Amino acid sequence: MSVDTEKDAGQVAAENLVTLTIDGQPVSVPKGTLIIRAAERMGTAIPRFCDHPLLDPAGACRQCLVDIPDAGNGRGFPKPQPSCTMPVAEGMIVKTQNTSEVARKAQEGMLEFLLINHPLDCPICDKGGECPLQNQSMADGRSESRYEGVKRTYPKPISISAQILLDRERCVLCQRCTRFSDQISGDPFINLQERGARSQIGGYDKDGYDSYFSGNVIQICPVGALTSKDYRFRSRPFDLVSTRTTCELCAAGCELRTDHRHYQVTRRLAGNLPEVNEEWNCDKGRFAFRYGRGNDRITRPLVRRDGVLRPASWAETIDAAVGGLKAAGDHVGVLTGGRLTVETGLAWSRFTRAVLGTNNIDFRSRPASAEEASFLAAEVAGRSLAESVTYADLEKAGRVVLVDLEPEDESPAVFLRLRKAWLKHRVPVTVIGSHLTRGSVKMGATLEPTAPGDEAASLVRMVEAEQIDDSTVLLVGERAATSPGTLTALVDAARVTGARLAWVPRRAGDVGAVETGCLPGLLPGGRPVSDTRARVDMATLWGAGSLPSTPGMDAGQMLASVGTEGGVRALMVSGVQARDLADPQAARRALEAVDFLVSLEQRASEVTERADVVLPVSLLEETSGTFLNWEHRPGRVRVINKEAPTPMNEIRVLAALADAMGSDLGMRTVVDAHNAWNEIDPWQGPRPALADPGTAEEAARLRDSAHSSGGFKVDLWHQMLDDSAALSGAVHLIESARPAQVRVSVAAAERIGAADGQAVAVTGPAGSVELPLIVEPTMLDEVAWLPSSGPVSAARGDSSLREILGVSPGDPVEISIKSEGGAA
C-alpha cells in the first residue's frame, strides 16, 4: 500500500493537529485526516475493500465500519460509521473491531452480505490466494452463512477490453476501478451501470475501450472481478516468486513487481514507489514482457563464413571479432542504443576509449543533432537527483511547459503525475505543439500553437509575455533534437527566467548513457573529451595510459563515413534497429558496406542479418544493473530468470573481447561495473558551450517545406503502443493499440475535401500510405500529424511510417482523397 500523501503529523504545526482516541490510545493527526488513515498511523488495520489511499473516498463497501461513541462533541453516532469517509475531530473517540463488539459485528455482517452473491470460486479465480475478500472472510467473517437463497449469476466472463475480462458475479461494487478511470487515468472506459440490485460494472458500448493504463484496475480490484486475459488461468499467486525491479520500457523509472516461476515471467504488476510511479504503471510496462521468448532469440555465437552466418564456439567467435576489430585499428564506430543499464553503458564507454582507442560512440538510435549532444553535455550530464527536477517538483510547479514531449505516449508516469498536479493542485500545463492531444486535454493543458520547427520562437514569445518564470518547469523531449534552436532557446529561457529544465527521453537507458559517456564528446560523469584534465582524470581512474583526444563521430557521421577515406571500417552495434535511425536506408547501406560488423544482440535483427560476428547477450530479466530515470533517480534492475539461454551479458562479452585484444576492461561482472561507476565523481570543471544550432540553414529548409497547394508540414512521434519490437508476443496488448491516423484541422479537411474518418493518401518524398483522416479542431491549418510508426508500417516489414514517407518533423507531405482503384 502506498504511503499517505498527506503531511506527516511531525511536519504539521500544532494548531493544525487534531487529537482523538482510537481503541483507547490517543493519536494526533493533521486536520482532515480520515479515521482509517489515523488508525493506520497507529498500526491498526481496519478491513476495507473500496478504500484506496490514492483514490477519493467512496464509502461504497461499508466494510470499514467503526463504532464512534463520541464524535468529539459529547454525542456518539447511533450506528457504526465508515471510517474511510469520515474525518477525525478533536476529542473524538473511535473503537475499531479490536475493542468494540458493535464494530466487529457490523464488519462481520457486511462480509456475510457481500458473500451472498459472490460465487466463492476461489479455487479457479486468479485472485485466489491474494484476495482481500478471501482473506478477510477467513479472518473477520462468520464461520457459516445464513443465506439459503440462489446466488446471482451472470454469463462469465465478459470482455471489457482486448486484455481485461470481467466476472460480474464476483464484483462487490467497490468502484475502485471506475474511480481509477475517472480520477487517475482520465479514461472513463468502465463505469457503474444499472441501479439497485441490478448494479454492475460494465464498459461503454458507444465509446469503446481506449486507455494506456487499464491494467491498474486489475491490480486494485480486491475480489478478482477484473482479470488479465494474458495471465488468466496461467498460475496461482502462491506458486509465484515476486521480485522488485525497474521497468525497461521508458525513462519514467517505474518500479515493477515481477512474478515468475519455472524461470519464466508470468505477470508484471506496478510496484509501490510513491516518489515515482506511486502504485500505478502503464499497460506497456505491465504486459510487454514476452519480447525475448520468440523463435528469433539468439542463443549461440555466430560467425559469417562463406557469406553465411554459422554457429561457432565462443572462443572462435571472440577470435573472429578481435581479428576484424584489430584490422580496423581505431577506425571503429560503436552504436549502443538506449536499452543499456548504467553498468553496461560504462563498460561500452571504457571499451571504446581504453580498448578501441576512439571516441566514436553514440547511444542515440534516432534522429539527433550536434546541438542536442552539446545540450546533453552542458545541461544533463553530471547531474544528481538532488539537482534535477523530480516528480514531486511537477506537483509544486507554478507552471509546466511541455516542449516536443507528449507524456502520455512517451513517458506515461510523467503524464499521470501531471494530470494529478492539475487535478489536485491546479498546476497549469502548457503544450508547445501543433495541437491539443487526448493526453493534453486530460491534463487540462493549454496550447501554444506551434508548427514543427517553430518551438524556439514560441519559447521566446512566452518569455516576453512573462508566461515563464522561476516557478516554471520546462520539460523537453528528445524530439527537440530535430528542431534546430529549440534546445538553445530552452536553455536561454531557463537562464533568463530562473525556470527549471529537465530532459525527458523516451528510452530507459538514455540518461545512463549520457552519464556514462556514450557520446562522442563526453566521458563519464559529464567530463568533456576536449578537456585534457578530464581525459587525464578518467585515464587515471581506468588505469589507461591515455584516452583518445581526437573528436569522435556521432551515429550519423559514423554511418556516413563508411567507405570514405579515413572513415569507419568496423562497426560494433548493440540493441539498435536500423529503422529507428535518422536515415534508415542510409544506415542499411552502411551496415552492408562496412568492412566488419559486430553485433551484440538478443534477437535477430537487420543488424544481425548483415553482421560478420554475432555475440548473443542476456535479456534484461536475465541480468542485473541500474537505470537512471529522467530525474536521475537510480532504479535497480534485479535478475528474474536465473536459467538464461545464454550466460553472457554484455559486460562479460566486452571483457572477453578486451582480454583477447591484449587489454583489460577492468570489469567482468555487473558488480565490478557498479563499483567502478560509484568511483566516478561528477565533473567539476567547465562544461562545454551549446553548439551552434544551425538555425539559418534549417529555417530555410522548413521554409521551403511550407505548404503549397494541399501541402502540410508533418508533425509526428511514436505512440506508446505501435509495432515496436518490445511488444512482440504481447498479443492482447497489441490489440489495444491506437490505430494509425492522420489528423488535420477543420479548414484543412475542407481544403482537401475529405470528411472525418475518410481514407486519404498521405504522400511524402519517399512514398505514400493510406490512413483514415481525423479532423482535429485544435490543429494548426498548415500541419498534419501522424504517428511515427503503426500497424500500417508493420504490414510493410521493417519500415516505420516515418521511413515509408521519408519525413522528419517539419518536412512536407501531401494529403489527397484516395481515388477508387487504390491510386491517390
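Residues numbered from 1 in each chain as written. Predicted model: local features only at pLDDT ≥ 70, side-chain atom pairs only at ≥ 80, totals over all residues. Heavy atoms only, no water.

- Going by what an unreviewed UniProt entry lists, the protein chain is known as NADH-quinone oxidoreductase and is assigned to Acidipropionibacterium virtanenii.
- What the UniProt record of the protein chain gives under Catalytic activity (unreviewed entry) is the line "a quinone + NADH + 5 H(+)(in) = a quinol + NAD(+) + 4 H(+)(out)".
- Per its UniProt entry, the protein chain bears the Function (unreviewed entry) comment "NDH-1 shuttles electrons from NADH, via FMN and iron-sulfur (Fe-S) centers, to quinones in the respiratory chain. Couples the redox reaction to proton translocation (for every two electrons transferred, four hydrogen ions are translocated across the cytoplasmic membrane), and thus conserves the redox energy in a proton gradient." (UniProt positions renumbered as here; feature names shortened; annotations may be inferred.)

## Some points on the packing of aromatic side chains
Line of reasoning, step 1. According to the stated counting rule, one finds 5 aromatic pairs in the structure shown.
Line of reasoning, step 2. The interplanar angle of 15° and the centroid separation of 5.6 Å between the aromatic rings of Phe-213 and Phe-415 together place this pair among those described as stacked. Remark: Phe-415 occurs in helix H12 (residues 412–425) and Phe-213 occurs in the loop between strand S9 (200–203) and helix H5 (215–220); sequence separation between them is 202 residues.
Line of reasoning, step 3. Judged by its relative accessible area of 0%, Phe-213 falls in the buried class.
Line of reasoning, step 4. Ring centres of Tyr-391 and Trp-630 lie 5.2 Å apart, and the angle between their planes is 75°; on these two criteria the pair is classed as edge-to-face. With Tyr-391 in helix H10 (residues 391–396) and Trp-630 in the loop between strand S28 (625–628) and strand S29 (634–637), this pair connects stretches of sequence that are 239 residues apart. Each member of the pair, Tyr-391 as well as Trp-630, carries the same accessibility label: buried.
Line of reasoning, step 5. Taking NZ or CZ as reference, Arg-738 lies 3.9 Å from the ring centre of Tyr-212, over its face.
Line of reasoning, step 6. Positioned over the ring face of Trp-785 is Arg-743, at 4.2 Å from the centre of the ring. (Phe/Tyr/Trp six-rings, centres within 6.5 Å; stacked < 30°, edge-to-face > 60°. Helix = DSSP H or I, 4+ residues; strand = E, 2+ residues; numbered from the N terminus. Buried < 20%, exposed > 50% of the residue type's maximum accessible area, 1.4 Å probe, protein only. Lys NZ or Arg CZ within 6 Å of the ring centre and 35° of its normal.)

## Description of the domain arrangement of the protein chain
Line of reasoning, step 1. For the protein chain, the assigned domains read domain 1 (17–113), domain 2 (121–239), domain 3 (302–366 + 510–679), domain 4 (373–505) and domain 5 (706–817).
Line of reasoning, step 2. Each of domain 4 and domain 5 has a C-alpha centre, and the two are 24 Å apart.
Line of reasoning, step 3. When domain 4 packs against domain 5, the two sides together hide about 1500 Å² of surface, and 58% of this comes from carbon and sulfur.
Line of reasoning, step 4. The interface formed by domain 4 and domain 5 holds 1 salt bridge in total.
Line of reasoning, step 5. Taking the shortest distance from any N to any O, the salt bridge between Arg-738 and Glu-408 comes out at 3.6 Å.
Line of reasoning, step 6. At the level of elements, helix H11 (407–410) and strand S20 (446–449) are the ones that each hand at least two residues to the side of domain 4 that touches domain 5.
Line of reasoning, step 7. A per-element tally of the side of domain 4 that touches domain 5 places H11 first, with 3 residues.
Line of reasoning, step 8. Its residues assigned to classes, the side of domain 4 that touches domain 5 shows 6 nonpolar, 5 polar and 7 charged. (Domains from an automatic or database assignment. Buried area = accessible area lost by both parts, 1.4 Å probe. Salt bridge = Lys/Arg side-chain N within 4 Å of Asp/Glu carboxyl O. Nonpolar A, V, L, I, M, F, W, Y, C, P; charged D, E, K, R; others polar.)

## Details of the pattern of salt bridges
Line of reasoning, step 1. According to the stated counting rule, one finds 56 salt bridges in the structure shown.
Line of reasoning, step 2. The partner of Asp-51 in a salt bridge is Arg-37, and the shortest N-O contact between them spans 2.9 Å. In this pair, Asp-51 is assigned in the loop between helix H1 (35–41) and strand S3 (65–70) and Arg-37 in helix H1, connecting sequence segments 14 residues apart. With respect to burial, Asp-51 and Arg-37 carry one shared label: buried.
Line of reasoning, step 3. For Arg-146, the salt bridge identified is with Glu-112, shortest N-O distance 2.6 Å. In this pair, Arg-146 sits in the loop between helix H3 (132–140) and strand S6 (158–159) while Glu-112 sits in helix H2 (residues 101–114), placing the two residues 34 residues apart along the sequence.
Line of reasoning, step 4. Under the relative-accessibility criterion, Arg-146 is labelled exposed at 59%.

## Regarding the UniProt feature "domain: 4Fe-4S Mo/W bis-MGD-type" (unreviewed entry) in the protein chain
Line of reasoning, step 1. Under the local residue numbering, the UniProt record ascribes the feature "domain: 4Fe-4S Mo/W bis-MGD-type" (unreviewed entry) to residues 240–296.
Line of reasoning, step 2. Taken end to end, residues 240–296 is 9% helix and 35% strand, and its two terminal C-alpha atoms sit 27 Å from one another.

## Comments concerning the confidence of the model for the protein chain
Line of reasoning, step 1. In this model, the protein chain carries an average pLDDT of 92, and 94% of its residues clear a pLDDT of 70 or more.
Line of reasoning, step 2. pLDDT under 50 marks residues 1–6. Its contacts with residues more than four places away, or in other chains, come to 17 contacts.
Line of reasoning, step 3. Within the model, pLDDT remains below 50 along residues 705–709, and this stretch shows 9 contacts once partners closer than five positions in the same chain are excluded. (pLDDT = per-residue confidence, 0-100. Contact = heavy atoms within 4.5 Å.)

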